[in-house]
Amino acid sequence: MKTTLDNTPKTPDFSGLSPAEMAAVINDLQEQLAAKEAALQSQLQQHDEALRRRDNYIAILEELLRHKKIQQFAASSEKQPNQIVLFDEAELEVAIDELRDELPDDVEEADAPPRSRKRRQRGFSVTLLRERIELTLSDDEKAGASRTFFTKVKEELEYIPAQLKVLEYWQEKAVFEQDGEERVIAAARSTHPLGKCIATPSLLAYLITSKYADGLPLYRQEQMFKRLGHDLSRTSMAHWIIRLNDVFKPLMTLIRETQNGSDYLQADETRIQVLKEDGKKAQSDKWMWGWENASIVLYIKTVLLRRAKRASPRILATSPKFSLHAVESMR
């Protein structure tokens, strides 16, 4: 005969208790129930806090990832809906640091994305111009002192804003009278690279550097010069750059000869479109060839009716028709 164990908890018999004892038992049971409820509530709060910290941690990592993707992979074109975010570089870096500060204390450094902060530079380059500013004591403050001396307490980096100025050339002339006739002698004028041109060589160098080294289009430079006080049209700047083609030919030829004499040479090509080129349609194939060795990077624009296999040997073997699209940058 099988027997079944009865695991049902037995209900206490309170029938023999007095009203006072019954009240005490009820009070004790209520305290136990309240304690269990408080413990359960504490566990729920701890669980909710853990979930909140986890969600916050995930949100911070996702935001860090989004900022880093913007910095690394976002398009450089200004014609995009999120361009206002990309221009706020300072705010972006500060936001990343603030998000890092919000990471939980128990997160290991290896779990968080590495900081891209560079080592702080101590001092400034010795090649920079320096100006000494002396902070002096008043006569009353140093009255009775046996001696005074100066100590350097601070260095600051100052930016001198760009400015335009007009150079007025006044040519001295001498008049000689001889046999009733006048003979005039004028002081020699300095030679200008472009002959008749209102731009100084330093301005021409700035235009070329800004456009080809810093990627600043002529229309933006036009706006900058307007803010500086003079309307300098982009058409004039473009004509100056094109006219410098003949001026730089000897330099470009020397650069090519130096580059071709190196131990190795790397090359790459990119299709480009040049408008209003004499004798060529706008749809013709144009190529920007990039040549590089250990010390020189050279870009040459060539025009090909078709992409021939022997294009590269021809460019290396002959003196190409240079234009100022061929820009050399020394490393």
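Structural data are supplied above this passage.
As a starting point, this report considers the structure included with it. Just so we're clear, the structure is a prediction, and the values are computed from it rather than from any experiment.

What to know about the overall build of the protein chain
- Regarding its fold elements, the protein chain presents seven helices and six strands.
- Sequence-ordered secondary structure for the protein chain, helices as α and strands as β, is α-α-α-β-β-α-α-α-β-β-β-α-β.
- The 331 residues of the protein chain split such that 18% are buried.

Looking at the pattern of salt bridges
- Applying the stated rule across the entire model yields eight salt bridges.
- For Asp55, the salt bridge identified is with Arg54, shortest N-O distance 3.1 Å.
- A salt bridge links Glu134 to Arg132; the nearest nitrogen and oxygen atoms lie 3.2 Å apart.
- For Glu134, a relative accessible area of 43% puts it in the partly exposed group.
- Take Arg132: its relative accessible area is 61%, and that puts it in the exposed class.
- Each of the salt bridges in this network shares a partner with another, and the network as a whole consists of Arg130, Lys152 and Glu155.

Description of a nonpolar patch on the surface
- On the surface, Phe124, Leu128 and Leu157 cluster together into a nonpolar patch covering about 280 Å² of accessible area.
- Considering the arrangement of structural elements, one finds Phe124 in the loop between helix H3 (89–101) and strand S1 (173–178).
- Classification of Phe124 by relative accessible area gives partly exposed; the value is 33%.

Remarks on the pairing of strand S4 (residues 286–292)
- In terms of residue burial, S4 counts as a mostly covered element, since six of its seven residues are buried.
- As paired elements, strand S3 (residues 266–272) and S4 share seven bridges and run antiparallel to each other. Paired with Gln266 across the bridge in S4 is Glu292.

Re helix H6 (residues 234–260)
- Phe248 marks where H6 bends most, by close to 55 degrees; the proline Pro250 follows one to four residues later.
- By the burial criterion, the buried members of H6 are Met237, Trp240, Ile241, Leu244, Asn245, Met252, Ile255, Arg256 and Gln259.

Some thoughts on the side chain of Ser210
- Structurally, the position occupied by Ser210 is in helix H4 (residues 201–213).
- Looking at Ser210, its side chain comes within polar contact range of the main-chain oxygen of Tyr206, at 2.8 Å.
- The contacts of Ser210, once residues within four sequence positions are left out, are Gly215, Leu216 and Gln221.

Some remarks on the nonpolar core
- Ranked by size, the top nonpolar core spans 14 residues in total, and within it Leu204, Leu207, Met237 and Trp240 carry the most contacts.
- Among the elements of the structure, H4, helix H5 (218–227) and H6 are those that each provide at least two residues to this core.
- Those residues in contact with Leu207 that lie beyond four places of it in its chain are Gln221, Phe225, Met237 and Trp240.
- Formed by seven residues, the second largest nonpolar core is a distinct cluster that contains Met252, Ile255, Trp291 and Ile296.

Some thoughts on the environment of Phe248
- Along the chain, Phe248 falls in helix H6.
- Separated by 55 residues in sequence, Phe248 and Pro193 have C-alpha atoms that sit 9.8 Å apart.

A look at the packing of H5 against H6
- At a minimum axis distance of 9 Å, the contact between H5 and H6 shows a crossing angle of 120 degrees. The angle between the axes of H5 and H6 places the two elements in the oblique class. Handedness of the H5/H6 crossing: right-handed. Here Leu218, Tyr219, Gln221, Glu222 and Phe225 of H5 lie close against H6, whose contacting residues are Arg234, Met237, Ala238 and Ile241.
- Looking at side-chain class alone, the contact of H5 with H6 contains six nonpolar, one polar and two charged residues.

Looking at the packing of aromatic side chains
- Per the counting criterion, the structure on display carries one aromatic pair.
- Ring geometry for Tyr206 against Phe225: centres 6.1 Å apart, planes inclined by 70 degrees, an arrangement best described as edge-to-face. With Tyr206 in helix H4 and Phe225 in helix H5, this pair connects stretches of sequence that are 19 residues apart.
- Here Tyr206 falls in the partly exposed class, since its relative accessible area comes to 37%.
- When the ring centre of Phe150 is taken as reference, the NZ or CZ atom of Arg132 above it lies at 5.4 Å.
- Lying over the aromatic face of Tyr212, Lys211 brings its terminal NZ or CZ to 5.4 Å of the ring centre.

Some thoughts on the packing of H4 against H6
- The interhelical angle for the contact between H4 and H6, taken along N-to-C directions, is 100 degrees, at an axis separation of 11 Å. Considering their axes alone, H4 and H6 lie roughly perpendicular with respect to each other. Contacts between H4 and H6 involve Leu204, Leu207, Ile208, Lys211 and Tyr212 on the former and, on the latter, Met237, Trp240, Ile241, Leu244 and Phe248.
- For the contact of H4 with H6, the class distribution of residues is nine nonpolar, no polar and one charged.

Rules behind the numbers
- Residues numbered from 1 in each chain as written.
- Predicted model: local features only at pLDDT ≥ 70, side-chain atom pairs only at ≥ 80, totals over all residues.
- Heavy atoms only, no water.
- Helix = DSSP H or I, 4+ residues; strand = E, 2+ residues; numbered from the N terminus.
- Buried < 20%, exposed > 50% of the residue type's maximum accessible area, 1.4 Å probe, protein only.
- Salt bridge = Lys/Arg side-chain N within 4 Å of Asp/Glu carboxyl O.
- Patch = residues over 30% accessible without salt bridge, like charges linked within 9 Å, V, L, I, M, F, W, Y side chains within 5 Å.
- Areas by Shrake-Rupley, 256 points an atom, 1.4 Å probe, with all protein chains shown as cover.
- Pairing = 2+ DSSP bridges.
- Bend = angle between axes of the 7 residues up to and from the residue.
- Polar contact = N/O pair within 3.5 Å; in protein donor to acceptor, adjacent residues only side chain to side chain.
- Contact = heavy atoms within 4.5 Å.
- Core = buried A, V, L, I, M, F, W, Y, C linked by side-chain atoms within 4.5 Å.
- Axes fitted to C-alpha atoms, helices over the stretch in contact; angles between N-to-C directions.
- Parallel < 35°, antiparallel > 145°, perpendicular 65-115°, else oblique.
- Left-handed = near helix turned anticlockwise from the far one by under 90°.
- Nonpolar A, V, L, I, M, F, W, Y, C, P; charged D, E, K, R; others polar.
- Phe/Tyr/Trp six-rings, centres within 6.5 Å; stacked < 30°, edge-to-face > 60°.
- Lys NZ or Arg CZ within 6 Å of the ring centre and 35° of its normal.

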